[in-house]
There are 2 protein chains.
Amino acid sequence: MNRLESNIAIMEPKDGLREKLEISNSEGRPLRIKLGFDPTAPDLHLGHAIVLQKLRDFQEAGHTIVVIIGDFTAAIGDPTGRNKMRPPLSDEVISRNADTYIAQLGKVVETSEIEIRRNSEWHGKLDLRQTIQLIARVTLAQVIQRDDFKTRLSSERPIHLHELLYPILQGFDSVAVDADIELGGTDQLFNNLMGRNLQESMGKPGQAVITMPLLLGLDGTDKMSKSKANYVGLTDSPEEMFGKLMSISDDLLQHYLELTTTFSADERGQIAASIERGANPMLAKKALAANVVQRYHTPELSAAAADQFARTVQEKRPGDEDHVHVSIGEFGNLVPGSHHLLDICATLAPEKSRRELKRLISGGGVRIDGVKVDDPFELVEPVANLKISIGKRLRFLLAR
Amino acid sequence: MNRLESNIAIMEPKDGLREKLEISNSEGRPLRIKLGFDPTAPDLHLGHAIVLQKLRDFQEAGHTIVVIIGDFTAAIGDPTGRNKMRPPLSDEVISRNADTYIAQLGKVVETSEIEIRRNSEWHGKLDLRQTIQLIARVTLAQVIQRDDFKTRLSSERPIHLHELLYPILQGFDSVAVDADIELGGTDQLFNNLMGRNLQESMGKPGQAVITMPLLLGLDGTDKMSKSKANYVGLTDSPEEMFGKLMSISDDLLQHYLELTTTFSADERGQIAASIERGANPMLAKKALAANVVQRYHTPELSAAAADQFARTVQEKRPGDEDHVHVSIGEFGNLVPGSHHLLDICATLAPEKSRRELKRLISGGGVRIDGVKVDDPFELVEPVANLKISIGKRLRFLLAR
């Protein structure tokens, strides 16, 4: 099997990839592979990496990667004002998010060679007349095929009219950049087919749509997503990545081996066979975690993370010697007794966001002297010899 | 009853007129009364005149009439290219149609005092971003309440997305001109309420919507409409108007007396009572026809039309003396036998359009020497003593 064909979940049309590769050959030009990006949420995780790996495959085969930054609608935000999570973003924030995104992209693809386009370049020029002529190419019946529209219609939750335009605008991006192929997760199938339809309705060749499978989160139930806190971020530290990957259930092992590692099918087969023969799945998880950490960091950091995991989680039961010693002085000169647990945790684990810590505390993931405290605003005095554990892997002992 | 309140079919909100009149009084300013006009179909008939009369009432009460010419969407036409009846109109055609419309408006209202606005003035300035912010104010559920959308959805006929925008754009006209009241037929209720909603959603006072009843056509079944050929045009000749009005069934008499004449409720009551007592409804129809012709022409022309009607239709049976004598020379020097019936009729009745004549011939309304000829392209030689009747009232006798 051609490497470009691996892992594909759905391809439209069925032989679209072959057709486009033939065009590339006969016309002697690289294909234009489009990937869209919404600059409101720049944190990438292992789920995104599946699509990025496919981009990388195309890039290694000599094709051109075209990343579309959806800055036009991000700058509008939610005009109904009902969705507080979608405020209008300033050009500065969009640029920063785009930079962050491209930097993370660089963990998988060669970003010096990609074409980066902002869709305000063409959407910003559309007037009402051109908008009417564009959206006239699509019927209401077509657009409400999209799952979330269908769901809202049937449950009588409102769909604001501008929302119907968004898939069309996203599709128009494909027209504007002459995409040959668009990549995305299976949840993008509808939007990306819209691009194909619009290209064809404007007399251009329609792009092939290639969707990649969605990765299940660490919890094994929902798809991996930042909002579900079941994710491994591409910029997580080696120790975090290693620890998180070791925490998945045995049932998820094959799914992760297939979609997150660089193991070949042969290698995956050998791992599966050894488990069949009675090997401890823990060993396979270590191989998985080591492979992933190596990919996003270095072999050296991967080995170190494996060592630390073995030391802190496996070889010993929690005791003082596993705890990081922290001086009470770190907590500043605040009046004793006036520290919120959340603030203390934020000082101890500065790499975690306050939002993440709050969720962790509320979920019972923080213990003081072995006792769960689930109120982020509990007042705690940071006195010497207090033991605080944050999540499964971070343990602190306060000292003078 | 205040004259402004007469004949109103539906008013939203229920006491909207009273509220607006109070505002007019307290702010010491005339109200702005909006009427929209689609410049694709400038032929006005008695059905339109019901709304125009209400405009006139407002005008006489000192308020400002604002006529919106919907040139923006007329200039786009049907971008799907599926509706051949909606080609994009040039600015020249739109201007001509608007002039024709205003001229016809002049038969009822004082056009020198009205404010005439083209909606391209504001729609032409909207970009995609502003369009998105505008349509976000409306939900899909709201817009598909419109009857023709509902019908098409349930019968699975396509609705192209731009069509959903049109009621919103029309509503935005009310925002742009700060309309206090919008007038229209009952079939405009949905669109005009959209204007009210948008004004309110933008923090302006919402217009009151006043709809006037629809007039039934001469056939008594469908609403009066040009496409149904059941109409009395405001520019019909006195004789045509008179004859057409005399042709309605007795059942339609009250409907027409109420909606097309200047008779007061008292006068209409007297007419109804006299019929109750056994008077011939023909007399009432004559009073109706005379009143309408007088209104759109002059008392003199009205009297003359009544005379001619009496002479040609009532007093005598058709004989040579009822026929207008026409010289064969009128038909030019074409080769004998090469005249289409349609061409002959067009020469005899130049006030009728070729389309109208074609329909009349096909429908069996034209006779040669008393014999129906229903093919517009039948070859007829215009020889002396040939009798040609066109419709019920036009009779010609060809002469050397």
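The structure under discussion appears in the preceding block.
This one's a predicted model, so the numbers in the text were calculated from it and none came from an experiment. (Residues numbered from 1 in each chain as written. Chains lettered and ligands numbered in written order. Predicted model: local features only at pLDDT ≥ 70, side-chain atom pairs only at ≥ 80, totals over all residues. Heavy atoms only, no water.)

## Quick word on the overall build of chain A
- Scanning chain A from N- to C-terminus turns up 17 helices and 11 strands.
- Taken along its principal axes, the extent of the C-alpha atoms in chain A is 75 × 55 × 40 Å.
- Partitioning the contacts of chain A with sequence separation of at least 6, the portion at a separation of at least 24 is 69%.
- Total accessible area on chain A is roughly 19000 Å²; 50% of this is exposed by carbon and sulfur atoms.
- Where the 49 positive side-chain charges of chain A centre and where its 56 negative ones centre are 2 Å apart. (Helix = DSSP H or I, 4+ residues; strand = E, 2+ residues; numbered from the N terminus. Contact = heavy atoms within 4.5 Å. Areas by Shrake-Rupley, 256 points an atom, 1.4 Å probe, with all protein chains shown as cover. Lys, Arg positive; Asp, Glu negative; His and termini not counted. Charge placed at Lys NZ, Arg CZ, Asp CG, Glu CD.)

## Notes on the pattern of salt bridges
Residues and elements named next belong to chain A.
- Following the criterion strictly, the structure yields 52 salt bridges over all chains and no others.
- Between Arg3 and Glu60 there is a salt bridge whose closest N-O contact spans 3.5 Å. Residue Arg3 is found in the segment before β1 (10-12), and its partner Glu60 is found in helix α2 (residues 46-60); the two are separated by 57 residues along the sequence.
- Ionic pairing is found between Arg117 and Glu115, a salt bridge with its closest N-O pair at 2.8 Å.
- Through salt bridges with shared partners, a single ionic network connects Arg3, Lys54, Arg56, Asp57 and Glu60. (Salt bridge = Lys/Arg side-chain N within 4 Å of Asp/Glu carboxyl O.)

## What to know about the packing of helix α6 (residues 128-135) of chain A against helix α9 (residues 161-177) of chain B
- Remark: α6(A) packs on α9(B), axes separated minimally by 7 Å, with the N-to-C direction vectors making an angle of 140°. As α6(A) runs across α9(B), the sense of the crossing is left-handed. The segment α6(A) lies against α9(B), with Leu128(A), Ile132(A) and Ile135(A) engaging Leu161(B), His162(B), Leu165(B), Tyr166(B) and Leu169(B).
- Within the contact of α6(A) with α9(B), the residues separate by chemical class into seven nonpolar, one polar and no charged. (Axes fitted to C-alpha atoms, helices over the stretch in contact; angles between N-to-C directions. Left-handed = near helix turned anticlockwise from the far one by under 90°. Nonpolar A, V, L, I, M, F, W, Y, C, P; charged D, E, K, R; others polar.)

## Some thoughts on the interface of chain A and chain B
- With 31 residues of chain A in contact, the opposing surface of chain B contributes 31 residues.
- Taken over both partners, the interface formed by chain A and chain B buries close to 2600 Å², and the fraction arising from carbon and sulfur atoms is 80%.
- Looking at the side of chain A facing chain B, the largest losses of area belong to Leu128(A), Leu140(A) and Leu161(A), adding up to 27% of the total buried there.
- Seen at the junction of chain A and chain B, the total is eight residue pairs in polar contact (both at pLDDT 80 or more).
- Those elements that place two or more of their residues in the side of chain A that touches chain B are α3 (71-76), α6, α7 (140-143) and α9 (161-177) of chain A.
- When residues in the side of chain A that touches chain B are grouped by element, the largest group, seven residues, is from α9(A).
- Residue composition of the side of chain A that touches chain B, by class: 22 nonpolar, seven polar and two charged. (Buried area = accessible area lost by both parts, 1.4 Å probe. Polar contact = N/O pair within 3.5 Å; in protein donor to acceptor, adjacent residues only side chain to side chain.)

## A few points about the relation of the copies chain A and chain B
- With an RMSD of 0.4 Å, chain A superimposes on chain B once it is rotated by 179° and translated 0.0 Å along the axis. This pairing of chains is accounted for by a two-fold axis. Relative to the rotation axis, the C-alpha of Asp127(A) is the closest in chain A, positioned 2.0 Å from it.
- Interface overlap between copies is the fraction of interface residues in one copy that are interface residues in the other; for chain A against chain B it reaches 100%, indicating a shared surface. (Least-squares fit on C-alpha atoms with pLDDT ≥ 70 in both.)

## Notes on the packing of aromatic side chains
Residue and element names in this part refer to chain A.
- Summed over the entire model, instances satisfying the criterion amount to four aromatic pairs over all chains.
- Aromatic side chains Phe242 and Phe309 sit 5.6 Å apart centroid to centroid with 45° between the ring planes, which places their arrangement in the tilted category. Residue Phe242 is located in helix α11 (residues 238-246), and its partner Phe309 is located in helix α15 (residues 299-315); the two are separated by 67 residues in the primary sequence.
- Residue class for Phe242 comes out buried when judged on its relative accessible area of 1%.
- By relative accessible area, which is 10% here, Phe309 ends up buried. (Phe/Tyr/Trp six-rings, centres within 6.5 Å; stacked < 30°, edge-to-face > 60°. Buried < 20%, exposed > 50% of the residue type's maximum accessible area, 1.4 Å probe, protein only.)

## A short note on empty space enclosed by the protein
- This model, assessed by the stated rule, comprises one cavity of 30 Å³ or more.
- In this structure, the largest cavity spans a volume of roughly 30 Å³.
- Every residue lining the largest cavity is listed: Ile135(A), Leu161(A), Leu164(A), Leu165(A), Leu161(B), Leu164(B) and Leu165(B).
- Going through the elements one at a time, α9 of chain A together with α9 of chain B are the ones with two or more residues in the lining of the largest cavity.
- The residue makeup of the lining of the largest cavity, split by class, is seven nonpolar, no polar and no charged. (1 Å grid on protein atoms, 1.4 Å probe; cavity = no way out; pocket = protein on both sides within 12 Å on 5 of 7 lines; lining within 4 Å. Points joined across faces, edges and corners; volume = space filled by probe spheres on them.)

## Quick word on the side chain of His160(B)
- You can see His160(B) is positioned in the loop between α8 (147-154) and α9.
- If sequence neighbours within four positions are ignored, His160(B) has contacts with Ala136(A), Val138(A), Thr139(A), Thr80(B) and Arg82(B).

## What to know about the packing of helix α12 (residues 253-260) of chain B against helix α13 (residues 265-276) of chain B
All names here are of chain B.
- Between α12 and α13, the least distance of the axes is 11 Å, while the angle of their chain directions is 165°. When the interaxial angle is binned, α12 and α13 end up roughly antiparallel. Note that α12 runs across α13; the crossing there is right-handed. Taking contact as the criterion, the partners of Leu253, Gln254, Leu257 and Glu258 in α12 are, on α13, Arg268, Ile271, Ala272 and Ile275.
- Within the contact of α12 with α13, the residues separate by chemical class into five nonpolar, one polar and two charged. (Parallel < 35°, antiparallel > 145°, perpendicular 65-115°, else oblique.)

## A look at the environment of Ala399(A)
- Along the chain, the position of Ala399(A) falls in strand β11 (residues 394-399).
- In contact with Ala399(A), not counting residues within four places along its chain, are Val326(A), Ser327(A), Ile328(A) and Ala384(A).

## Some points on the sheet that holds strand β5 (residues 181-185) of chain B
All names here are of chain B.
- Taken together, six strands build an open sheet; the order of strands is β1-β6-β5-β2-β3-β4 and the sheet is mixed. Of all the strands in the sheet, just β1 (10-12) and β4 (115-118) have a single pairing partner and so form its edges. Across the sheet, the axes of successive neighbouring strands diverge by a mean angle of 25°, strand direction being ignored.
- The pairing of strand β2 (residues 32-37) with β5 spans two bridges and is parallel. Residue pairing in the sheet places Ile33 in a bridge with Ile181 of β5.
- Against the sheet, helix α4 (residues 91-105) touches β2, β3 (64-69) and β4, its axis set at about 125° to β2.
- Here α9 sits on the sheet and contacts β2, β3, β4 and β5; the angle it forms with β2, its principal contact strand, is near 145°. (Pairing = 2+ DSSP bridges.)

## Some points on the pairing of strand β13 (residues 394-399) of chain B
Residues and elements named next belong to chain B.
- Sheet topology note: the strand β7 (residues 324-327)/β13 ladder contains four bridges and is parallel. Within β13, the position partnered with Val326 by the bridge is Leu398.
- Two elements, strand β12 (residues 387-390) and β13, share four bridges in a ladder whose sense is antiparallel. Its bridge partner lying in β13, Lys387 is registered against Leu397.
- Between the antiparallel neighbours β12 and β13 lie three residues, among them Gly391 with a positive phi of about 70°.

## Section: the sheet that holds β12(B)
Residue and element names in this part refer to chain B.
- With mixed pairing, five strands are arranged side by side in an open sheet as β7-β13-β12-β9-β10. The open sheet terminates on both sides in strands that have one partner only, identified here as β7 and β10 (371-372).
- The strands touched by helix α16 (residues 341-348) within the sheet are β7, β9 (366-368), β12 and β13, with β12 carrying the most contacts at an inclination of about 80°.

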